[in-house]
Amino acid sequence: MDDSLRELYQDVILDHSRHPRHFGVLEKATHKAEGYNPLCGDRVTVYLALDEAGKVADIKFQGKGCAISQASASLMTQLLKGRSREDAQALMDGFLHLVKGEDAAALSAEDRESLDVMSGISEFPMRVKCATLAWH
Ligand code: ZN
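Residues numbered from 1 in each chain as written. Predicted model: local features only at pLDDT ≥ 70, side-chain atom pairs only at ≥ 80, totals over all residues. Heavy atoms only, no water.

Caption draft 1: Structural context of the pattern of salt bridges. Summed over the entire model, instances satisfying the criterion amount to seven salt bridges. Across the pair K81 and D58 runs a salt bridge, and its minimum N-O distance is 3.4 Å. Pair noted here: K81 is in the loop between α2 (67–80) and α3 (85–99) and D58 is in strand β3 (residues 56–64), with a separation of 23 residues, a long-range link. With a relative accessible area of 40%, K81 lands in the partly exposed category. Here the residues in one salt-bridge network are K28, D58 and K81, joined through shared partners. (Salt bridge = Lys/Arg side-chain N within 4 Å of Asp/Glu carboxyl O. Helix = DSSP H or I, 4+ residues; strand = E, 2+ residues; numbered from the N terminus. Buried < 20%, exposed > 50% of the residue type's maximum accessible area, 1.4 Å probe, protein only.)

What follows is the structure, given as structure tokens:
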């Protein structure tokens with residue numbers, strides 16, 4: 001990855017961590033999950049509202065922790081809204097491969113582009129748990 005791209009990606013991550021998308025409590029949530037990453041102290045709670053068809057009708061998260069954990073949660077909420085359960089699972093699998101530096105060919109080109117900002121994490125194994133917390 002060249003330096004200008006790396007800087008751009010850092011800017012995107014900082015922007016998401018400072019101005020997280022879909023941040024807050026989802027009152028009409030049908031599912032809720034809490035995660036904690038003891039290595040870094042990151043905390044994330046994800047709220048999901050699935051419709052009758054099993055699609056993600058709405059999604060929000062709350063949390064605090066390092067920029068990577070919060071940016072990744074924010075990015076995830078942006079991407080998951082409107083997806084079916086299968087699509088969401090496939091997206092998560094692809095993301096986990098991506099941040100571990102493994103083959104993420106299963107991701108669509110569009111998802112790959114959206115998630116590429118996190119691909120640099122694979123160079124920092126200690127931070128992979130920060131990036132994947134919300135997704136788990
Ligand atoms: Zn962290």
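Caption draft 2: Highlighting the side chain of D42. Relative to the elements of secondary structure, D42 occurs in strand β2 (residues 42–50). Among the polar contacts listed, one links the side chain of D42 to the backbone nitrogen of C66, at a separation of 2.9 Å. Looking at D42, its side chain comes within polar contact range of the side chain of S69, at 3.4 Å. (Polar contact = N/O pair within 3.5 Å; in protein donor to acceptor, adjacent residues only side chain to side chain.)

Caption draft 3: Broad picture of the sheet that holds strand β1 (residues 31–37). Taken in spatial order, the three strands of this open sheet run β1-β2-β3, and their pairing is antiparallel. Single-partner strands in this sheet number two, and they are β1 and β3. Averaged over all pairs of adjacent strands, the angle between their axes in this sheet comes to 15 degrees, without regard to strand direction. Here β1 pairs with β2 via seven bridges, running antiparallel. Looking at β2, one finds that G35 is bridged to V44. Contacts between α2 and the sheet are confined to β2 and β3, with β3 contributing the most and set at about 175 degrees to the helix. (Pairing = 2+ DSSP bridges. Axes fitted to C-alpha atoms, helices over the stretch in contact; angles between N-to-C directions. Contact = heavy atoms within 4.5 Å.)

Caption draft 4: Looking closely at the pairing of β2. Of all nine residues that make up β2, seven are buried, and the element is covered over most of its length. Hairpin connection, β1 to β2: the antiparallel pair is bridged by four residues, and G41 has positive phi, about 90 degrees. Relative to β3, β2 runs antiparallel, the two being bridged by eight bridges. Paired with L48 across the two strands is I59, which belongs to β3. If you look at the hairpin formed by β2 and β3, you'll find five residues sitting between the two strands, and G54 has a positive phi there, around 85 degrees.

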